[in-house]
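# Remarks on the overall topology
Listed below are the residues making up each chain.
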Amino acid sequence: MDTGIGYFPTHDALDPASMARLVEVRGHGALYFAEHTHIPASRQTAWSGGATLPRRYAHTLDLFVALAAAAAATRRLRVGSGICLVVERDPIITAKEVASVDVLSGGRLDFGVGAGWNREEMANHGTDPRTRMRLMRERVEAMRAIWTQEVASYHGEFVDFDRIWSWPKPLQRPGPPVLVGGGGPTVFDRVLAFGDGWFAQHRERPLERIDELRARAAEAGRDIPVDVIGVPPKADVIERYEAAGVRRVSMWAPPAGRGVIETALDAFERAVADVHGE
C-alpha cells in the first residue's frame, strides 16, 4: 500500500513547490491539493466538520497553478487534485489545464473530481445544486472526449459543443486517472459510470462499503482501486486499510510552515512504520 499527503495550498503556508519536494524526499507517492474557488460569506451551507469553517477553505491558491508548481519541482511524485470541483469549471478550459499539467509533469497527474458540498459556492458559478451530479458526469465525459478525440464533440443536457481542436493531449492515455470523490449513497454509480477509482474520505467510513464496490465492479468486469484521504496517523487505522486492499492512504497535512508540517509528517510516517514493524 502506498502513502500520500493531502494539502490546502494556502498563500501563507509552505508553498506548493517546497511542499512537493518535501513529500517526494520523504518517500510518499502522491501529493493532493484541495480546491475552493472562493467561500461565500453568507455561510448558509453547514460544514460537516463543525460549526466553524477553517480559514484554509477561503485562502487556497488556484488548483492548477499549484499543481504546475509541484510538478515542476519534482521528478517522481504523483500530483493530483483532491478534489477538483468540476461543477464550478468550464470543461473545455479544465480539459486543457489537466492535459497541460499531465504533459509538463511527464504523465504524473491524478485527476480527483467531485461535486462539492457548498451550495452557495456552486450557485455563484451558475450551478444548480440539485443537478450537480448529472452536470459533473457530463463535464467529465466531455473532458475525456477532448483528451481522446482529434476533433472532439459532446452533446448533453448541460454540456454541448461541436467539433473542436484542443491540444495538448494528456501524456497518460486515454487520460489521467479520474478518481471520483464522495461518500453518498449513489457514489458508486458515478465511479462505475465515468471513474477510474474511488477517492474516499476517511470520515465517511469507506471500509464499510469497499466490498459493495468490488462486487459491483466485478459484475461490470472491472477492477476499481480505492484511495482514502484524511487518514489519521494511527497504526491500527492504517493497518485496517492495508488489510482491505486499499491502494493508497493519505493524511491531510496542516497548511502551515515547514516545521509544523514536518512534525505532522513524522507522526504519520511513524504510524506507517509501526504497521510494517519498522
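Please refer to the structure higher up on the page.
Each value, and the rule that gives it
Residues numbered from 1 in each chain as written. Predicted model: local features only at pLDDT ≥ 70, side-chain atom pairs only at ≥ 80, totals over all residues. Heavy atoms only, no water. Axes fitted to C-alpha atoms, helices over the stretch in contact; angles between N-to-C directions. Helix = DSSP H or I, 4+ residues; strand = E, 2+ residues; numbered from the N terminus. Parallel < 35°, antiparallel > 145°, perpendicular 65-115°, else oblique. Left-handed = near helix turned anticlockwise from the far one by under 90°. Contact = heavy atoms within 4.5 Å. Nonpolar A, V, L, I, M, F, W, Y, C, P; charged D, E, K, R; others polar. Expected span 1.5 Å × (residues − 1). Buried < 20%, exposed > 50% of the residue type's maximum accessible area, 1.4 Å probe, protein only. Arc of directions from axis to C-beta. Phe/Tyr/Trp six-rings, centres within 6.5 Å; stacked < 30°, edge-to-face > 60°. Patch = residues over 30% accessible without salt bridge, like charges linked within 9 Å, V, L, I, M, F, W, Y side chains within 5 Å. Areas by Shrake-Rupley, 256 points an atom, 1.4 Å probe, with all protein chains shown as cover. Salt bridge = Lys/Arg side-chain N within 4 Å of Asp/Glu carboxyl O. Pairing = 2+ DSSP bridges. 1 Å grid on protein atoms, 1.4 Å probe; cavity = no way out; pocket = protein on both sides within 12 Å on 5 of 7 lines; lining within 4 Å. Points joined across faces, edges and corners; volume = space filled by probe spheres on them.

The interhelical angle for the contact between helix α1 (residues 16-25) and helix α2 (residues 63-72), taken along N-to-C directions, is 45°, at an axis separation of 8 Å. One element, α1, and the other, α2, form an angle in the oblique class. For the pair α1 and α2, the crossing hand works out as right-handed. Residues Pro 16, Ala 17 and Ala 20 of α1 pack against Ala 66, Ala 69 and Ala 70 of α2. Tallied by class, residues from the contact of α1 with α2 come to six nonpolar, no polar and no charged.

This part covers helix α3 (residues 91-104). Its 14 residues place the ends of α3 20 Å apart at the C-alpha level, agreeing with the 20 Å of an ideal helix rising 1.5 Å per residue. Along α3, the residues that are buried comprise Pro 91, Thr 94, Ala 95, Val 98, Ala 99, Val 101 and Asp 102. Each buried residue of α3 sits inside an arc of 165° when the element is viewed along its axis, so together they form one side. Within α3, the exposed residues directed more than 90 degrees away from the buried face are Ile 93 and Leu 104. Buried-residue contacts for α3 involve α2, β3 (78-85), β4 (109-114) and α5 (132-148). Following α3 by one or two positions, Gly 106 adopts a phi angle in the positive range, close to 75°.

As enumerated under the stated definition, the model contains eight aromatic pairs in all. Arranged with centres 6.2 Å apart and planes meeting at 80°, the rings of Tyr 57 and Trp 117 form a pair that is edge-to-face. Taken together, the residues Tyr 57 in the loop between β2 (30-33) and α2 and Trp 117 in the loop between β4 and α4 (119-124) connect sequence positions 60 residues apart. Classification of Tyr 57 by relative accessible area gives buried; the value is 10%. Each ring, one from Phe 111 and one from Trp 147, has its centre 6.0 Å from the other, and the planes form 75°; the classification is edge-to-face. In this pair, Phe 111 is assigned in strand β4 and Trp 147 in helix α5, connecting sequence segments 36 residues apart.

Another point: unusual backbone geometry. Cis peptide bonds are those with omega within 30 degrees of zero, and the linkage from Gly 82 to Ile 83 qualifies with 10°. Mapped onto the secondary structure, Ile 83 falls in strand β3. At Arg 205, a residue that is not glycine, the phi angle is positive and equals roughly 55°. By secondary structure assignment, the location of Arg 205 is in the loop between β8 (197-201) and α7 (210-219).

Moving on, we get to a nonpolar patch on the surface. On the surface, Val 151, Trp 165 and Trp 167 cluster together into a nonpolar patch covering about 380 Å² of accessible area. Secondary-structure assignment places Trp 165 in the loop between β6 (160-164) and β7 (178-181).

What follows is about the environment of Leu 22. Locating Leu 22 in the fold gives a position in helix α1. In contact with Leu 22, not counting residues within four places along its chain, are Leu 14, Arg 258, Ile 261, Glu 262 and Leu 265.

Here the focus is the sheet that holds β2. Sheet architecture is closed into a barrel: eight strands sit in the order β1-β2-β3-β4-β7-β8-β9-β10, paired in parallel fashion. Shown here is a sheet whose adjacent strand axes are inclined to one another by a mean of 25°, direction ignored. One ladder, built from three bridges, connects β4 with β7; its direction is parallel. Bridge pairing in β7 links Gly 112 to Leu 179. This element, α2, spans β2, β3 and β4 of the sheet and lies at about 175° to β3.

With a probe scaled to a water molecule rolled over the atoms, the places where space remains empty come into view. Considering only enclosed or pocket space, the largest pocket measures out at about 900 Å³ in volume. For the largest pocket, the lining is made up of 35 residues, of which Ile 83, Trp 117, Gln 201, Arg 203 and Glu 204 are closest to its centre. Tallied by class, residues from the lining of the largest pocket come to 16 nonpolar, 13 polar and six charged.

We now examine the environment of Gly 112. With respect to the helices, strands and loops of the structure, Gly 112 is situated in strand β4. For Gly 112, a relative accessible area of 0% gives the class buried. Between the C-alpha atom of Gly 112 and that of Leu 179, which follows or precedes it by 67 residues, the distance is 4.4 Å. Those residues in contact with Gly 112 that sit more than four places away from it in its chain are Ser 81, Ile 83, Cys 84, Leu 179 and Phe 199.

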